[in-house]
Amino acid sequence: MGLQEDEWNDIAISAAQRKRDARPADAEISGVGWPFDEFQSENSDIPLLSPIDVNLQALADVKLNPLVFDGHFTAEALTKIANTGETVEVRLINPELTPTLYGGPLHDEYIFDSMHFHWSSGSSPDCLGSVHKVGGQRFCMEVHMLHYRAIHGNKSEALKHQGGLCAVAFMLHLTNIENPFLARLARDLAKIEVPFSCTPLEHNAMLCCAEAAAPFGYVTYPGTLVGREDNLNVVWIVYPSPIGICCTNTAPFQKLRAGVEDMPSGLLTTHELADRPVLRAVP
Ligand SMILES: [Zn+2]
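Please read these numbers as outputs of a predicted model, since none were measured by experiment.

**Structural notes on the overall build of the protein chain**
Thinking step 1. Counting its secondary structure elements, the protein chain contains four helices and 14 strands.
Thinking step 2. For the protein chain, the proportion of its 283 residues judged to be buried stands at 41%.
Thinking step 3. Taking as baseline every contact in the protein chain between residues at least 6 positions apart, the subset at least 24 positions apart corresponds to 79%.

Structure below.
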């Protein structure tokens, strides 16, 4: 679809606006409870980096409106996948169907940009590739869905603003039960083994995370994009309860060829919390 990036973003944002206008007024759900946008560490020497180790025992609860995934998990939202040389990136095929995220800690509507995976390049099936930890533990894989605040118009502009991006993280852990949506995606990975290749799918790859995307129960904190320190606070939404997958779901990821050396292993160090809030969303 030869759309330029700005044309694509314009279509996605007008589609989001039409969806918002179509919602009955009493369904308007805006974020309350936590002034993320104004959050700044009191000790500005310590950058508030991601990922972190989420300590479930130390969380404070915050009452929030439900977090709404609008359009992420519909069967008609077909996706395409790319081997970026560093990860598998999932994008929508039709910008009219771009999902939006709102409610919870968010003060505004956030537009879906892309989804990608973190895994370990180790050959053993039980290698742990998540970047966040929960209670000191890593998981097999981690999925990130990136969204930008609608008023910024695109992801690169949003990166320059406090709270301009919202990243949603899902943990995947090894069980003996296959995740049918991830299995379907894993089969398609054979088409993008070569770096910088991409292919359209006949399904919505985001569905592999649908079961975990609850309106409450996630952990939210201000951080950065993983591996980058040049961006202002990103609103993180991390689901600490993992989604079950099996080793046949992960093996095709490990076969992908990278742009440079190996696909980076997920084993990044977790960062100090400093004085930032890490909260669990409750009704
Ligand atoms: Zn990521």
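Here the narrative resumes, following the displayed structure.
**Comments concerning the nonpolar core**
Thinking step 1. Judged by nonpolar contacts, the single largest core of 64 residues is most densely connected at Cys166 and Leu172.
Thinking step 2. Not counting the four nearest positions on each side in its chain, Leu172 is found in contact with Phe139, Cys140, Met141, Glu142, Val143, Pro242, Ile243 and Ile245.

**Some remarks on the pairing of strand S7 (residues 110–119)**
Thinking step 1. Extensive coverage of S7 is indicated by the burial of eight of its 10 residues.
Thinking step 2. One ladder, built from two bridges, connects strand S6 (residues 100–103) with S7; its direction is antiparallel. The partner of Leu101 across the bridge, within S7, is Tyr110.
Thinking step 3. Hairpin connection between S6 and S7: a loop of six residues separates the two successive antiparallel strands, and Gly104 in this loop has a positive phi of roughly 55 degrees.
Thinking step 4. For S7 and strand S9 (residues 141–149), the ladder comprises nine bridges, and the chain directions are antiparallel. Residue pairing in the sheet places Ser114 in a bridge with Leu146 of S9.

**Description of the packing of helix H3 (residues 180–188) against helix H4 (residues 247–254)**
Thinking step 1. Closest axis-to-axis distance for the H3/H4 pair is 9 Å, and the angle between their directions is 30 degrees. Relative to H4, the element H3 is oriented roughly parallel. Two packed elements cross with a definite hand, and for H3 against H4 that hand is left-handed. For the pair H3 and H4, contact is made by Leu182, Ala183 and Ala186 and by Thr248, Asn249 and Pro252, respectively.
Thinking step 2. The class makeup of the residues in the contact of H3 with H4 is four nonpolar, two polar and no charged.

**A few points about unusual backbone geometry**
Thinking step 1. Cis geometry is found at the peptide bond from Ser50 to Pro51, where omega equals 5 degrees.
Thinking step 2. For Phe196, which is not glycine, the phi dihedral falls at a positive 65 degrees.
Thinking step 3. Along the chain, Phe196 turns up in the loop between H3 and strand S11 (198–200).

**Brief notes about the pairing of strand S3 (residues 67–70)**
Thinking step 1. Burial along S3 is one-sided: the residues Leu67 and Phe69 are buried and none of Val68 and Asp70 is.
Thinking step 2. As judged from the four bridges shared by S3 and S6, these two strands associate in the antiparallel manner. By the bridge assignment, Val68 is partnered in S6 with Tyr102.

**Describing H3**
Thinking step 1. Within H3 the residues assigned to the buried category are Phe181, Leu182, Leu185 and Ala186. All buried residues of H3 fall inside an arc of 135 degrees around its axis, so they share one side.
Thinking step 2. Buried residues along H3 sit against strand S13 (234–245) and H4.

**Concerning helix H1 (residues 5–22)**
For an α-helix, 3.6 residues make a turn, and residues three or four places apart therefore share a direction.
Thinking step 1. An ideal rise of 1.5 Å per residue puts 26 Å on 18 residues; H1 measures up with 26 Å between its terminal C-alpha atoms.
Thinking step 2. Where H1 is concerned, the buried positions are Asn9, Ala12, Ile13 and Ala16. Down the axis, H1 shows its buried residues gathered within 95 degrees of arc, on one side only. H1 presents Glu7, Arg18, Asp21 and Ala22 as exposed residues on the side facing more than 90 degrees away from its buried surface.
Thinking step 3. Buried residues in H1 make contact with S6 and S7.

**Observations concerning the environment of Val282**
Thinking step 1. In this fold, Val282 is placed in strand S14 (residues 279–282).
Thinking step 2. Measuring from C-alpha to C-alpha, the distance between Val282 and Ala60 comes to 10.0 Å, with 222 residues separating the pair along the chain.
Thinking step 3. Not counting residues within four places of it along the chain, the set of residues in contact with Val282 comprises Asp61, Val62, Lys63 and Phe216.

**Describing the environment of Leu273**
Thinking step 1. Here Leu273 is to be found in the loop between H4 and S14.
Thinking step 2. Leu273 sits 220 residues away from Asp53 along the chain, and the two C-alpha atoms are 8.5 Å apart.
Thinking step 3. Among residues more than four places away in sequence, those in contact with Leu273 are Ile52 and Val278.

Procedures and definitions
- Residues numbered from 1 in each chain as written.
- Predicted model: local features only at pLDDT ≥ 70, side-chain atom pairs only at ≥ 80, totals over all residues.
- Helix = DSSP H or I, 4+ residues; strand = E, 2+ residues; numbered from the N terminus.
- Buried ≥ 20, exposed ≤ 12 C-beta atoms within 10 Å, placed from the backbone.
- Contact = placed C-beta atoms within 7 Å.
- Core = buried A, V, L, I, M, F, W, Y, C linked by C-beta atoms within 7 Å.
- Pairing = 2+ DSSP bridges.
- Axes fitted to C-alpha atoms, helices over the stretch in contact; angles between N-to-C directions.
- Parallel < 35°, antiparallel > 145°, perpendicular 65-115°, else oblique.
- Left-handed = near helix turned anticlockwise from the far one by under 90°.
- Nonpolar A, V, L, I, M, F, W, Y, C, P; charged D, E, K, R; others polar.
- Arc of directions from axis to C-beta.
- Expected span 1.5 Å × (residues − 1).

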